[in-house]
Amino acid sequence: LLVTADRMTPQHIALVPADPQAGAAPAPADAGGQAIATTRLWKVVLSREGGALLAAALLQVVVIAGQISLPLLVHSLVLSLECQEAAEEDVLVFPTIDPGCEWTNGTDGNASRELSDTVNPPYFYYALGVALATFSNAVFNQLQMHVSFNAGQRLRAWLISVVFTKALKCSSSQLDMGETLNLVSNDAQRFLEALPLAQQIWAAPTVIIVSSYFLWELAGVSSLIMIGFLAVLTPISAALSKFVVRFRAKRMALSDKRMGLCSEMLQGIRIVKYFAWERPYTDRILALRKEELRYARLESFAFVGTMIFTVFFPALSVGVSLLDYSNRHSKPLSPSTAFALASFVVILRFPMMQLGHIASTAVQCLVVLRRTEAFLLKGSGQQEPPPPVAAPSDSPGATQSQAPRTYIQFSGASVGWTGVQDGEAAKPGTPAPAASIVFSNITLDLQAGEVYQVFGRVASGKSTLLSSVLGEAQVLEGAIHIAPGLRTAFVSQTAWIRNCSLRDNVLFFRDFDAGKYERAIAASCLAPDIALLPYGDSTQIGERGVTLSGGQKMRVALARALYDMDRTDMLVLDDVFAALDVDTSRKVAAALFNIVQPHQLVLMATNKAVGRRREGSAPPAAAQERPPIVVKTLRIVPSEELDLTGEAQPAASLVVEDAVPLDEFEVLGWGEDGDDHPPSLEVDVPKPPGDEAPPKEGGDGGGNIMTTEERAVGTGFSKFAISSYVEGIGGWWPLPLLWILSVNTERAGILGLDIWISTWTKHNLDCCSAEGSPSVDDVEPPPSYWQTGYVLIIVGAFFALMCTRGLVPIMSIRAADSMFTAMLTSVVRAPVSWFDTTPMGRILNRFSFDTENLDVILIQKMFPALVSVSWTSASVVTLCVFLFPYFFAVFPLGVYAYIHLVQISRKCIREIQRLDNLSRSPIASLCVELGGEGLTLIRTYAKQNVYLTMMMSLIDRNQRAVYCFNSANRWLGSRLEILSAFNTTAAVALIGFMRLEPNWAGLVLLWSMNLTVSMNFTCMFFSQAEACFTSVERVATYGKCLEEEGVHEGFPQTGQAPLRAGSVAPAAVTTEPTVGDKPDFSDVAKALEEGPGVESGAGAGLVLRDLTLRYRKELPCALDFTKTPAAGAHTASVRIRSGERCAVVGRTGAGKSSLAVAIFRLAEEVGGAVVLNGVSLLDLPVDAARRRCGIITQDPVVFGATIRYNLDPFEEFPDDACREALKLAQLWTPPAADDAATAREGPPGLDLDTPVELNGANLSVGERQLLCLARVLLRRPELLVCDEATASCDLDTDRQVQSAIRRWLREVNPGCCVLTIAHRLETIVDYDSVLVLDAGGVAQYGPVAAVAAQEGGIFRGMLQAAGEDVLRVALGTPPAA
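This one's a predicted model, so the numbers in the text were calculated from it and none came from an experiment. (Residues numbered from 1 in each chain as written. Predicted model: local features only at pLDDT ≥ 70, side-chain atom pairs only at ≥ 80, totals over all residues. Heavy atoms only, no water.)

Turning our attention to the sheet that holds strand E19 (residues 1141-1145). Sheets are built from strands that pair by backbone hydrogen bonding, the pairs being arranged parallel or antiparallel. The six strands lie next to each other as E22-E23-E24-E19-E25-E26, forming an open sheet whose pairing is mixed. Every interior strand has two partners, whereas the edge strands, strand E22 (1189-1192) and strand E26 (1337-1343), have only one. Neighbour-to-neighbour, the strand axes of this sheet turn through a mean angle of 15 degrees, independent of strand direction. Examined bridge by bridge, E19 and strand E25 (residues 1329-1334) share four bridges and lie parallel to one another. Of the residues in E25, the one forming a bridge with Val 1145 is Val 1332. Most of the contacts of helix H26 (residues 1152-1159) go to strand E24 (residues 1313-1317), to which it runs at about 145 degrees, and overall it touches E19, E22, strand E23 (1279-1283), E24 and E25. Seen against the sheet, helix H33 (residues 1354-1362) touches E19, E25 and E26 and runs at an angle of roughly 100 degrees to E25. (Pairing = 2+ DSSP bridges. Helix = DSSP H or I, 4+ residues; strand = E, 2+ residues; numbered from the N terminus. Axes fitted to C-alpha atoms, helices over the stretch in contact; angles between N-to-C directions. Contact = heavy atoms within 4.5 Å.)

Quick look at the structure:
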């Protein structure tokens, strides 16, 4: 499905189903449902906004007429003031008017015509004509920009919607989050910036052509020089534009890579901090950033080169034309001719100045269209679109009395993943590559009323099988038929959690039903966990569920799937029990089997049998009344076990084993502790507290933990932003002050040229006004004097111009480089709690949109704004000097009106721009939700339209700010232009009133026109520059104002507070174990003293003493070793010898993962002591402490690159060491020479060059966990923390991994302590000691056998739930016969 939104309102969204037979991606469709050829996306743009562009073109015609009229009026007015008999060929369009001239007799007796003291009333017709031209220009220009800006706004929104909709269609492996964010944040913005300048594409050449005609009329052959210069300028601008295209394309490719790397780092920030990779990641990003800025610098220089040519060539052309005119004609150069030529240059200067910016912007839009087309042509994540959600009456299970029907039918299907780009389907009749096939030639019917336990080793294809029934995996051969209208619920192997409340995560955009909700909560065993949340199920659980444990996140995802169980036809569970402890797992499984209905199909991928056939006992009464439901085992058989024909099979196959009626099926461990019935599904969900609950920091008092994005107030050019930018440049000296000196010199040179021309023409007029005057060759000083002076001034102005333009890219790129580096460094050093409470989209917006503004956009906005300000200032000074003192009768009124208007509007514009920036972050955040398993779940639950509507709503919210920003700018611009038009009209009137000589009158008219034009551009660019400068403020805030997590060896210290309050010096830490006085501990006191608590060497091992942990200051302790759940305060220490293995167990939410957080100091408040081999980790720099430890997290994090990159991203270890780590993790076996008996038994081998797709999409979760294990083993840490490291592995692989770890401890890293957090008790029963946590406190600790022997203890109860054999192994007794 691809969507286009008309005028960006949700009701115009049109969903167009793709052709099921087509393998390629469907084309977009317009609101009418007609397909759009993506290779001609620019035609779509024209078709959507052609009417608006035509209306803007008609308005631009009026603007052009007003612009051309001004120099014509100047020529006629100055010609009239010369009091000469104008020849017919001297008059261009407007006739001359006698301003009030009279004949006088000179001292030589010759009569001459001069201005009289009385003004002729018709002279003021000129003032009227100037007023009409300038006022119409002001009004219609702003109206044209308003129409064009709104068109660009709509196109930006349309492009975001198209990109987002295509993202909903991409597969997880194809969706590049960096590219998507760049398209949404940066590329779509180009339309908003380009459309206001779109009319200049034809208006600027039109002005140039019409002006060239009148220049020919004025100067004849001499004007050809000017026209020739302008003609040469065109290919130069075209060549520079090609450079801009080339540099921008390369820069955007590097920007996509940088954004991908930034997104990878930020999404996996916990792994980055666990492994102390902040500095290496920063270096890698900055290396990409250096290349990106190199092309940004080249792009900026190309842009500046265009500006230099477009500004200097017109001035040079006028100068050369005047010089040629004075040499070619015997008639001296007159003020009317000179200033008419200069006036045409005034109206040409800014269009010519914009040509570079227009060309650059047009090129950027073309690049955007190409990038968007390439993105839209990517393949779909599904070969067939998901079936529409049927009405309840149309459900396959609507009538339970009907015979079971087939929901999924495999017909000779071969399923896997191919390397075909863009998701194109394999050609019919062409076999797919064998290496890409996971399952071969499957023929299987999956029917209603069946529950399948899907077994298989790690990487055997369990998740691929489930993906195939969801339509995500590719069918390479054969076919998979899915019943139409099949309603599916899905729980991924890695729990996918939205950034909202727990209740909203369960509902997932469905209507709330109290009965359904309570049953889902009860079946997921979430009621006790909700009771512990500060606001109950209304508590916001953060991005990716950062406030929940791994088991809690999985049960929230399970509750989402079970919420609408009555209307669900197929339930797909991908190893959901791996993240749960034994007791919770069996309760959830029992509840699940209790609510399965005959019309439903259930697929459960798992590494361990959930249940078995009941032996001899009668089924529960509740089950006797149920229609027959069959529980089957679907085993994935590897190809080496299929060797039926003597030849290796290309892929695994499926074998159906056992068919147990649900009435005879029991959950493993159920009833062994006296509980013979499934848990009740009727529970009271704990309600959130009332008004007495304390509000959380940054929240809204309703459980919202996410901070509200800051919105600065005051001017965009705040002192903080300016000082930060200047500091990024390197200080005021030398570059900024040198630039200020250069721009003033340039402006003085331009003004000096006009004054020189005025003096020159005055001299010529004085010499030639009397009858019988000498020829021009006899005039003193001669023309060569004036020509030489003119050339010297223009050369000096050129060097000042070069310096002014050349310094801008140097300063801006230097500032962008230093500010980005400071922001990146500050962000990676921020505490994890900041990432937990800050939406990822908000952070990524700083690294995408704001960084783009710093790199390029600020140059294109701020530079013209500063130049326009200098032109405006020079115009005001000129008018004040030459119209003194009368201009001061008008000027103060204009100054007051200008200041008043700016003060009113700038506050509004500035705050609206900040609202625009704030409303962009949620758009990026919603795009980030598509990462990981988000796309699969959204499609499975058929929530594409919901997400599209959410995106439309967010776009509309942002569009309101953008529309107000445009309207406010147009409001200010129209009034400022009217004000400048009033000043120009007043100047014309004062010329007649003051009886200025024609040369000075021409100068005043010329600079009054400069004031009008420069005021327009000052208004347009200055507000945009100020709005763009807010990005400087936002980047500087992240670069300077974020809290740091502590001293870091990899980064310079920035005056941060001491590492932690109450830190314990190493000398003060004792390694002696202490035992609490809890009665339950009395039985194992001797074991604590003689077992693992006894020192084997001075300071060797790990000591945890009085350990406390708070995730934030205002939250209660998540970990507190000074208290136990059942007793008062006491002192507790845990000591693990060097080389020993300690298991950490406890129910879900007991604080097991928090223990790892405390050891690695990821939280703000860690108290007590953590001593590793005699060194206090809490008193070391954070990166030094973390490098001593290693961890395999509960949620495996892998990167889209290669196996080698995932093991060693920064190439610190040789290949042999990496392969040895893979071997220890059971992921690689060295090839055997001529020995078939040594073929490996396990998952397919992964070599270092094996590619890994984004988010590890081509690896199973079990493989990802093993890969993370290999990553840690490679580094040989002093402490190894395994947080459910093998939860997603089968038992055989788990045993092999545990054996490999034992061998690694003996042979490779004998002094390492191992701390294993596990739910699978079979994994840890042979460990040296066990630490039992409950509610964040120490419940039990000691040798495994001693703790297991405690009757009524938590650990013994968990062992009993796991099975009698597991309990016997833990107690050290032989298993039953």
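That was the structure; now back to the text.
Per the counting criterion, the structure on display carries 41 salt bridges. For Glu 292, the salt bridge identified is with Arg 258, shortest N-O distance 2.5 Å. Of this pair, Glu 292 sits in helix H7 (residues 278-328) while Arg 258 sits in helix H5 (residues 222-267), placing them 34 residues apart in sequence. On the basis of relative accessibility, which here comes to 0%, the residue Glu 292 falls in the buried class. The closest approach of N and O atoms between Glu 727 and Lys 1040, which form a salt bridge, is 2.9 Å. Taken together, the positions of Glu 727 in helix H16 (residues 719-729) and Lys 1040 in helix H24 (residues 998-1040) put the pair 313 residues apart, joining distant regions of the chain. On the basis of relative accessible area, Lys 1040 is assigned to the partly exposed category, the value being 42%. One network of salt bridges, in which partners are shared, links Arg 190, Arg 248, Arg 251, Glu 299 and Glu 852. (Salt bridge = Lys/Arg side-chain N within 4 Å of Asp/Glu carboxyl O. Buried < 20%, exposed > 50% of the residue type's maximum accessible area, 1.4 Å probe, protein only.)

With that settled, the discussion passes to the packing of H7 against helix H18 (residues 783-828). Two elements in contact, H7 and H18, have axes whose closest approach is 9 Å; the angle formed by their N-to-C orientations is 165 degrees. For the element pair H7 / H18, the angle class is roughly antiparallel. For H7 against H18, the interelement crossing comes out right-handed. Taken together, the residues of the contact of H7 with H18 sort by class into 27 nonpolar, nine polar and five charged. (Parallel < 35°, antiparallel > 145°, perpendicular 65-115°, else oblique. Left-handed = near helix turned anticlockwise from the far one by under 90°. Nonpolar A, V, L, I, M, F, W, Y, C, P; charged D, E, K, R; others polar.)

We now examine helix H13 (residues 550-562). The terminal C-alpha atoms of H13 lie 19 Å apart, and with 13 residues this matches the ideal 18 Å at 1.5 Å per residue to within 8%. For H13, the buried fraction is high: 13 of the 13 residues fall into the buried class. (Expected span 1.5 Å × (residues − 1).)

Burial of strand E7 (residues 488-491) is two-sided: the residues Thr 488 and Phe 490 facing one way and the residues Ala 489 and Val 491 facing the other way are all buried. Here four bridges tie E7 to strand E8 (residues 570-574), and the two strands are oriented parallel to one another. Among the inter-strand pairings, Thr 488 is bridged to a residue of E8, identified as Met 570.

Attention shifts here to the sheet that holds strand E11 (residues 630-637). The six strands lie next to each other as E7-E8-E9-E5-E11-E12, forming an open sheet whose pairing is mixed. Lying at the two open borders of the sheet, with one neighbouring strand each, are E7 and strand E12 (653-661). Across this sheet, the average inter-strand angle for adjacent strands is 15 degrees, counted without regard to direction. Pairing of strand E5 (residues 450-455) with E11 involves six bridges; the strand directions are parallel. In the sheet register, Tyr 452 faces E11, and the bridge partner there is Lys 632. Relative to E8, helix H9 (residues 462-469) is tilted by about 155 degrees, and along the sheet it contacts E5, E8, strand E9 (601-605), E11 and E12. Contacts between H13 and the sheet are confined to E7 and E8, with E7 contributing the most and set at about 175 degrees to the helix.

This paragraph deals with the environment of Gln 409. Looking at where Gln 409 falls in the secondary structure, it is placed in strand E3 (residues 406-416). On the basis of relative accessibility, which here comes to 30%, the residue Gln 409 falls in the partly exposed class. In sequence terms Gln 409 and Leu 444 are 35 residues apart; their C-alpha atoms lie 5.9 Å from each other. The contact partners of Gln 409, leaving out residues within four places of it in the chain, are Leu 444, Asp 445, Ala 479, Ile 480 and His 481. Within polar-contact distance, the side chain of Gln 409 engages the side chain of Asp 445 at 3.5 Å. (Polar contact = N/O pair within 3.5 Å; in protein donor to acceptor, adjacent residues only side chain to side chain.)

With that out of the way, let us pick up the side chain of Ser 334. One can find Ser 334 in the loop between H7 and helix H8 (335-376). Here the side chain of Ser 334 touches Ser 336 through a polar contact of 3.2 Å, side chain to side chain. Contacts of Ser 334, omitting those with residues within four sequence positions, involve Glu 82 and Thr 761.

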